[in-house]
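Coordinates in review
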Amino acid sequence: MASVSNTKVPFIPPPEISVEDKKDNEFGQLTSKEFLYEVRSRQKKPLRDPILDAPPYYVSVITYLNYLILIILGHIHDFLGLTFRKDRHPDIIEKDGLAPWYSKFESFFVRRMKKRIDDCFSRPTTGVPGRFITCIDRISHDLNEYFTYPGTTTMCLNLSSYNYLGFAQSEGQCTDAALKVVDEYGIASRGPRAQIGTTDLHVLAERYIANFVGKPDAMVFSMGYGTNANFFNSFLDEKCLVISDELNHTSIRTGLRLSGAAVRIFKHNDMDALEKLIRDQIVQGQPKTHRPWKKILICVEGLFSMEGTMCNLPRLVELKKKYKCYLFIDEAHSIGAMGPEGRGVCDYFGIDPSEVDILMGTLTKSFGAAGGYVAADKDIIERLRIDLTTSNYGESIPIPVLAQIVSSMRTIVGELKPGEGKERLQRIAFNSRYLRLALQRLGFIVYGIADSPVIPMLLYAPSKMPAFSRMMLQRKIAVVVVAYPATPLIESRVRFCVSASLTKEDIDYLLRHVNEVGEKLFLKVSTGRAGGSLDGRPPRWDIDEVIRRTPTDCKDDKYFLI
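First things first, this report covers the structure right here in the doc. (Residues numbered from 1 in each chain as written. Predicted model: local features only at pLDDT ≥ 70, side-chain atom pairs only at ≥ 80, totals over all residues. Heavy atoms only, no water.)

Attention now moves to the overall build of the protein. Within the protein, the secondary structure is distributed over 17 helices and 16 strands. Taking 562 residues into account, the globule formula puts the C-alpha radius of gyration at 24 Å, and the protein, at 25 Å, falls close to it. Along the first, second and third principal axes, the C-alpha set of the protein runs to 70 × 60 × 60 Å. At a minimum sequence separation of 6, the contacts of the protein that also span at least 24 residues come to 72%. A distance of 3 Å separates the average location of the 73 positive side-chain charges in the protein from that of its 67 negative side-chain charges. (Helix = DSSP H or I, 4+ residues; strand = E, 2+ residues; numbered from the N terminus. Rg over C-alpha atoms; globule rule 2.2 N^0.38 Å. Contact = heavy atoms within 4.5 Å. Lys, Arg positive; Asp, Glu negative; His and termini not counted. Charge placed at Lys NZ, Arg CZ, Asp CG, Glu CD.)

Structure (structure tokens):
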């Protein structure tokens, strides 16, 4: 195919773009129907156990040595600084009889490791985080002690935002809907239909969400994190048990602590370990009294954002029915982005949503809005409306955000601009599979399943994480690097967030630069066991061959561990 030939690096637009080009820079135009992939339902077929591609032993040894050297040098700096330059360490020194702000030991990691690479995190941006993102330039001083801003910006290819379906746009049907309701409802007492608190738009959004996820009722919240942090407090008490996946998000962990319920952890996606734990807890019952648990809730995520893996929903439903448990699924990253119709994990596995007791999700990512929701049976939702602290003490979702939610969902299901929602789903599916298989063929270690829009690529050594981030920024590519404590100590990684707004040519541009940077930083350590050599070829391919062949191969499941 001519469009898949050895294309050179495409042109990256300058910071100043014309109004005519703005739409294309927020959402790239599809260049060929070949670059679409329609996800198929798994028809209740459970996932296979993943084969993780472990690095050579020397990579692990070097990573541990990196941390050891950093720790030794950090303590030497602390000793010398506290001996000869106390004025430079006021936060960890007692002064005027007052205790220091921070403990020297507890703040060591932040001061001596994270702070040295702070320029790789929280980079300020402006404008729409679409296909391209505008980063505000800043200059680091005194090892990231502070930053100055020269007043310039850099437009970068965006692999760092959760804008999965590309609905974060400054123009289009969603923006038009948001502006329209501002005119209708106004602010506070302004506007012909102005109201305070719950409006008819809140009710409409809840109805659309419930229909979209396939549950009888739903409730919306103004913050996704707060949805989890406050839900469990209303649904559970100290006589309940939660069995939680070890890689669940911190918002779930916060909510479980606040609930007072007993918590037991099982190994990530290990269904045998989960079943054994459930059986043991049913036998033992509550501590001290050994009475039966009031509720047993299995708590997992639909798509795990740090790993790119999915929960094994068919097995979870099987265990839920077998042992009479409740099942809670956090679909923050899977709703809208996964499944033939974009309706999340139930859609992806072909399982009736009624098999899952509680479906939670965020509206920030695939829908380009803000907030979260809980969808369940009517009796559960009615109970939450009475005593859930989020709605009682927090702000309701703003009117323009509700319009964004409703219009994006209507686009996905085909009520607005028929065909556009389906194309967006097929574009993100192709982009995800193409980038994942291409990285594996280049020799990188990549985690996750084939259709996940979150693609973690392992970096390992802590020194390579800031190096990769800075080198990609120099090449006008915005990426997210992640390290301990968000990941295991030696599994630092870059997390590519794929979007439907990207074109195949954008991914080619990314692959060429990742290939170049990966060779310079010695990141190609894959043995090919987990995807790169499933077709019998060597695990490492030439970049031109990858770009030429992978767009066709990525549509064939034989190249993935399905």
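Within the structure shown, the criterion is met by eleven aromatic pairs. Seen from their ring centres, Y162 and Y164 are 5.9 Å apart, and the 50° between their planes marks the pair as tilted. Relative accessible area serves as the criterion here: at 25%, Y162 is assigned to the partly exposed category. For Y164, a relative accessible area of 0% corresponds to the buried category. A centroid spacing of 5.0 Å and a plane angle of 55° characterise the contact between F232 and F328, whose relative ring orientation is tilted. Note that F232 is positioned in helix α6 (residues 224-235) and F328 in strand β10 (residues 326-330), a separation of 96 residues in sequence. Accessibility expressed as a relative area gives 0% for F232, which makes it buried. Positioned over the ring face of F235 is K295, at 4.0 Å from the centre of the ring. (Phe/Tyr/Trp six-rings, centres within 6.5 Å; stacked < 30°, edge-to-face > 60°. Buried < 20%, exposed > 50% of the residue type's maximum accessible area, 1.4 Å probe, protein only. Lys NZ or Arg CZ within 6 Å of the ring centre and 35° of its normal.)

Taking 1.5 Å per residue as the helical rise, helix α14 (residues 420-442) with its 23 residues ought to reach 33 Å, and the 33 Å between its terminal C-alpha atoms agrees with that figure. Of all the 23 residues making up α14, 20 are buried; the element is thus mostly covered by neighbouring parts of the structure. In the stretch just after α14, G443 is the one whose phi turns positive, near 105°. (Expected span 1.5 Å × (residues − 1).)

In this section: the pairing of strand β13 (residues 454-460). Most of β13 sits out of view: seven of its seven residues are buried. Side chains V454, P456, L458 and Y460 project from β13 onto one buried face, and the interleaved I455, M457 and L459 project onto a second face that is buried too. Pairing between β13 and strand β16 (residues 492-497): six bridges, direction antiparallel. Bridge pairing in β16 links V454 to C497. (Pairing = 2+ DSSP bridges.)

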